[in-house]
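Observations on the three-dimensional arrangement
Next come the chains, spelled out residue by residue.
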Amino acid sequence: MKKALLGLAFVATLMTSCKKETKDEVKEATEAVGNEVNEAIDTAAVKVDAAADSTKVKAGEVLEKGAKKMDEAAEKLKEAAKK
């Protein structure tokens, strides 16, 4: 009987320590996933910033071309008005 009680106490101790290890593993896994998510967010933010910068540059180029065409059209209208 004494051995059975000692055996049960030993098993209970093992189960308690396993739970602690499992909790530690879950905590580590949670932290790892959190870190990966943060890295993914940072990467996405960098890509969005780069795309926004690229779009600004392209929009600026298009506006410049449009302004040049408007200037050319205005010059043609002035010349046509003089004739």
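Right above here is the structure, for reference.
Residue positions are given per chain, counting from 1 as you read along its sequence in written order. With pLDDT at 70 or above as the cut-off, local features in this predicted model cover only qualifying residues; side-chain atom pairs require 80 or more to be listed or tallied, and sums for whole chains, interfaces and linings still use all residues. With hydrogens and water set aside, each side-chain value is computed from the structure's full complement of heavy atoms.

The subject of this paragraph is the overall build of the protein chain. Scanning the protein chain for helices and strands turns up one helix and zero strands. For the protein chain, buried positions account for 0% of its 83 residues. Surface accessibility in these figures is a Shrake-Rupley result with a 1.4 Å probe; residues are shielded only by whichever protein chains are displayed. Working note: accessible area of the protein chain is about 7,900 Å², and carbon and sulfur atoms make up 64% of it. Only DSSP runs of H or I covering at least 4 residues are called helices, and only runs of E covering at least 2 are called strands; the numbering of each starts at the N terminus. Each residue is assigned to one of three classes by its accessible area relative to the maximum for its type, calculated with a 1.4 Å probe on protein chains only: buried under 20%, partly exposed between the two thresholds, exposed over 50%.

Here the focus is a negative patch on the surface. Any residue with relative accessible area above 30% and no salt bridge may belong to a patch, with like charges joined within 9 Å and the nonpolar Val, Leu, Ile, Met, Phe, Trp and Tyr side chains within 5 Å. For this analysis, a salt bridge means a side-chain nitrogen from Lys or Arg found within 4 Å of a carboxyl oxygen belonging to Asp or Glu. In this charge count, Lys and Arg are treated as positive and Asp and Glu as negative; neither His nor the chain ends contribute. A charge is said to be at NZ when it belongs to Lys, at CZ for Arg, at CG for Asp and at CD for Glu. Side chains of Glu 21, Asp 24, Glu 25, Glu 28 and Glu 31 sit close together on the surface and give a patch of like negative charge. Along the polypeptide, Asp 24 turns up in helix H1 (residues 2–82).

A grouping of Val 33, Val 37 and Ile 41 is seen on the molecular surface, where their side chains present a nonpolar patch of about 260 Å² in accessible area. Within the secondary structure, Val 37 is located in helix H1. Look at Val 37 and you get partly exposed, because its relative accessible area is 42%.

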